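# Commentary on secondary and tertiary structure
For reference, the chains in residue letters:
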Protein chains: 2
Amino acid sequence: MLKPNPIHLIHVKPACEQCRVRELCLPTNLKSQDLSLMDKLVVRREPLAKGEFLYRAGEKFKGIYAIQDGAVKTYGLTVDGREQVTGFHISGEVFGLDAIDGEVHPCNAVALEKTEVCQIPFAKLEELSMEVPELLHNLSRIMSREIMREQHVLLMLGGTSAEQRIARFLLNMSQRYADQKLVSDRFRLCMSRQDISNYLGLALETVSRQFSQFQERGLIDIQNRYVQIKQFSLLKQVAQ
Amino acid sequence: MLKPNPIHLIHVKPACEQCRVRELCLPTNLKSQDLSLMDKLVVRREPLAKGEFLYRAGEKFKGIYAIQDGAVKTYGLTVDGREQVTGFHISGEVFGLDAIDGEVHPCNAVALEKTEVCQIPFAKLEELSMEVPELLHNLSRIMSREIMREQHVLLMLGGTSAEQRIARFLLNMSQRYADQKLVSDRFRLCMSRQDISNYLGLALETVSRQFSQFQERGLIDIQNRYVQIKQFSLLKQVAQ
DNA sequence: ATTTCTCCTTGACCTGGATCAATTTGAAAA
DNA sequence: TTTTCAAATTGATCCAGGTCAAGGAGAAAT
């Protein structure tokens with residue numbers, strides 16, 4: 001499988017208007033003048049390096065985050081001190097919504113690769129939402145979507161075998177690339193086997209074995225973190 | 001353990017102003033005149049009988065729901081047709097937020113006992129939120145809280161033993177009664193062992209055995225659905 | 001009061017996936 | 001390039017909890 005050739009371009013931070021993932025993010029359906037008001041709100045940070053934290057549990061909440069490019073893992077700590085991954089977030093996705101109520105981040109967010117994020121200061125976003133009904137509605141929808149996302153994780157974890165969970169995980173990642181109009185049958189997993197296993201409530205050895213088994217069965221081709229889904233229909237069947 | 005004596009009162013539906021759980025619900029911190037605007041929005045339905053559906057998966061979304069009294073279970077169907085409980089909701093709690101994005105309920109909501117709910121039509125709620133900043137903020141906070149609630153479930157399910165899950169479940173229920181200023185060391189479980197096991201990703205036999213074991217160890221006293229937590233500190237220790 | 005039915009408990013057995021352990025591979029650092 | 005270290009694979013073993021099965025106890029219906 002071919003790795004993308006790393007060409008170094010001059011770093012450009014597109015405004016909302018030019019952003020590749022605009023339609024998945026908060027500005028969907030906004031009129032041009034509202035879009036530029038929205039754009040003025042957004043803080044575009046320097047890209048995060050792999051392993052860099054966007055925020056840590058306990059930090060004061062300033063705003064929610066949208067990913068322009070890259071990937072972020074969010075994780076919490078259980079009462080007994082174990083790490084528990086609560087989500088992987090890729091471009092076009094909004095996260096940090098869990099901090100609104102308590103005004104403190106209840107979990108950690110760390111970049112899984114070089115990542116560009118936009119911060120949307122929440123107090124200002126609420127103010128602008130009072131002026132722009134579409135924006136208020138988009139905010140509601142994005143929060144609702146996050147609630148559904150977590151419900152899907154619950155459905156995925158409930159009473160399913162390791163085989164099913166991993167098949168569903170791969171199909172879910174694939175779908176999210178498809179949502180962005182990106183190639184969805186071959187992609188790079190942005191997270192380690194450790195992270196996947198933790199997220200799916202399995203041992204990392206089980207994940208590794210299951211990947212190997214899917215490969216033997218011809219369902220997928222996996223080399224390190226590069227996956228190609230070769231038999232969508234069969235994989236869906238395995239996922240039930 | 002004493003069952004509450006069933007006294008039949010004339011059915012009264014308190015307005016938001018008089019509602020016992022007002023401070024947990026959308027109207028928190030609202031000024032008196034805003035509260036009455038909010039109150040005009042609310043649709044108070046006839047009480048639901050045990051087993052009655054509030055909505056079913058696929059139904060068009062009209063509004064979100066708040067429980068005045070009683071309990072509701074929400075559940076989805078997995079791809080292979082199994083039921084998966086996504087939450088138990090008791091008085092003072094708001095749910096149905098997962099339907100905002102798609103404008104269709106992705107799951108079912110059924111009363112676990114005689115239950116009084118308020119429907120808050122969502123389009124009207126958004127309109128009023130544009131006028132009342134506190135209401136907009138309360139809505140954001142309630143959605144954020146729901147996201148956190150689901151994250152807690154994920155943390156609870158991730159890499160924990162059956163013993164821990166059940167201890168945490170009991171402590172969680174207890175805390176939610178405490179949040180309402182109700183007795184929190186003795187309460188009636190509003191759901192079946194089946195529902196609990198499904199929710200916690202365990203077999204119902206495991207739940208039953210674990211309850212018996214906690215009883216033997218003197219941590220709790222359980223008779224049918226009536227629980228008394230006798231050793232909070234020990235139970236917390238078991239939950240880690 | 002008696003029947004019926006649903007919910008719950010308890011026992012016996014077995015398997016999926018966790019755990020432990022030993023390499024192998026790949027990527028970053030020197 | 002070689003070294004170093006983290007990440008991934010694969011094998012062997014074991015046990016927590018699932019499954020199957022057989023009652024028992026409450027609640028609702030007759």
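Above this text sits the structure in question.
Summary of the structure given here. Note that the structure is a prediction, hence the values are computed from the model and not measured.

Let us look at the environment of Phe211(A). Residues and elements named next belong to chain A. Position of Phe211 relative to the elements: it lies in helix H6 (residues 204-216). Separated by 110 residues in the primary sequence, Phe211 and Asp101 have C-alpha atoms spaced 39 Å apart. Those residues in contact with Phe211 that lie beyond four places of it in its chain are Ile166, Leu170, Leu189, Arg193, Ile196, Ile220 and Ile222.

This next bit is on the relation of the copies chain A and chain B. Of the transformation placing chain A onto chain B, the axial shift is 0.0 Å and the rotation is 180 degrees, giving an RMSD of 0.0 Å. Put plainly, the chains are arranged around a two-fold axis. The rotation axis passes nearest to the C-alpha of Met130(A) in chain A, at a distance of 2.3 Å. By residue overlap, the copies meet face to face through one surface: 100% of the interface positions of chain A are interface positions in chain B.

Turning our eyes to something else, we now look at the pairing of strand S5 (residues 83-90) of chain A. All names here are of chain A. For S5, a buried count of seven out of eight residues is recorded, marking the element as mostly surrounded by other parts of the structure. With seven bridges joining them, strand S4 (residues 71-77) and S5 adopt antiparallel strand pairing. Among the inter-strand pairings, Thr74 is bridged to a residue of S5, identified as Gly87. The hairpin formed by S4 and S5 contains five residues between the paired strands, and Gly81 there has a positive phi angle of roughly 90 degrees.

Taken together, 17 residues surround DNA strand D, and among them Ser208(A), Arg209(A), Ser212(A), Ala162(B) and Thr206(B) come closest. Considering DNA strand D, the proportion of its atoms within 4 Å of the protein that are sugar or phosphate atoms stands at 59%. Between DNA strand D and Ala162(B) there is a distance of 2.8 Å, counted from a phosphate oxygen to a backbone nitrogen or oxygen. Contact distances for DNA strand D include 2.9 Å between a phosphate oxygen and a backbone N or O atom of Ala203(B). Going through the elements one at a time, H6 of chain A together with helix H6 (204-216) of chain B are the ones with two or more residues in the surface near DNA strand D. If one sorts the elements of the surface near DNA strand D by residue count, H6(A) sits on top with five residues. Class assignment for the residues of the surface near DNA strand D results in four nonpolar, six polar and seven charged.

Counted under the stated rule, the structure contains 16 aromatic pairs over all chains. An aromatic cluster is present here, built from Tyr55(A), Tyr65(A) and Phe95(A) joined pairwise through their rings.

This part takes up helix H4 (residues 162-179) of chain B. For H4(B), built from 18 residues, the straight-helix expectation of 26 Å at 1.5 Å per residue is met to within 8% by its first-to-last C-alpha distance of 26 Å. Of the residues trailing H4(B), Lys181(B) is marked for its positive phi of about 60 degrees.

This part takes up the packing of helix H4 (residues 162-179) of chain A against helix H7 (residues 232-239) of chain A. Residues and elements named next belong to chain A. At a minimum axis separation of 8 Å, H4 and H7 run at an interaxial angle of 130 degrees. As far as their axial angle goes, H7 and H4 are oblique. Crossing handedness for the pair H4 and H7: left-handed. When H4 is examined against H7, the residues Glu163, Gln164, Ala167, Arg168, Leu170, Leu171 and Ser174 are found in contact with a partner set consisting of Phe232, Leu235, Lys236, Val238 and Ala239. Of the residues belonging to the contact of H4 with H7, the class tally is seven nonpolar, two polar and three charged.

Moving on: the protein's contact with DNA strand C. What surrounds DNA strand C is a group of 18 residues, the closest being Ala162(A), Thr206(A), Ser208(B), Arg209(B) and Ser212(B). Taking all atoms of DNA strand C within 4 Å of the protein, the share assigned to sugar and phosphate is 61%. Take Thr206(A): an N or O atom from its side chain is 2.4 Å from a phosphate oxygen of DNA strand C. Counting only elements with at least two residues in the surface near DNA strand C, the list comes to H6 of chain A together with H6 of chain B. Considering every element that reaches the surface near DNA strand C, the biggest residue donor is H6(B), with five residues.

A few words on the sheet that holds strand S9 (residues 186-188) of chain B. Residues and elements named next belong to chain B. Strand order in this open sheet of three strands is S9-S11-S10, and the pairing throughout is antiparallel. With partners counted over all chains shown, the strands left at the sheet margins are S9 and strand S10 (220-223), one partner each. Across the sheet, the mean angle from the axis of one strand to that of its neighbour is 15 degrees, orientation sign disregarded. Taken together, the three bridges between S9 and strand S11 (residues 226-229) define a ladder with antiparallel strand orientation. When the bridges of S11 are listed, Phe187 appears paired with Val227. H4 contacts S9, S10 and S11 of the sheet and is inclined by roughly 100 degrees relative to S9.

What counts, and at which threshold
Residues numbered from 1 in each chain as written. Chains lettered and ligands numbered in written order. Predicted model: local features only at pLDDT ≥ 70, side-chain atom pairs only at ≥ 80, totals over all residues. Heavy atoms only, no water. Helix = DSSP H or I, 4+ residues; strand = E, 2+ residues; numbered from the N terminus. Contact = heavy atoms within 4.5 Å. Least-squares fit on C-alpha atoms with pLDDT ≥ 70 in both. Buried < 20%, exposed > 50% of the residue type's maximum accessible area, 1.4 Å probe, protein only. Pairing = 2+ DSSP bridges. Near = heavy atom within 4 Å. Polar contact = N/O pair within 3.5 Å; in protein donor to acceptor, adjacent residues only side chain to side chain. Nonpolar A, V, L, I, M, F, W, Y, C, P; charged D, E, K, R; others polar. Phe/Tyr/Trp six-rings, centres within 6.5 Å; stacked < 30°, edge-to-face > 60°. Expected span 1.5 Å × (residues − 1). Axes fitted to C-alpha atoms, helices over the stretch in contact; angles between N-to-C directions. Parallel < 35°, antiparallel > 145°, perpendicular 65-115°, else oblique. Left-handed = near helix turned anticlockwise from the far one by under 90°.

Honestly, that's just the spatial picture; any functional story needs more than this.
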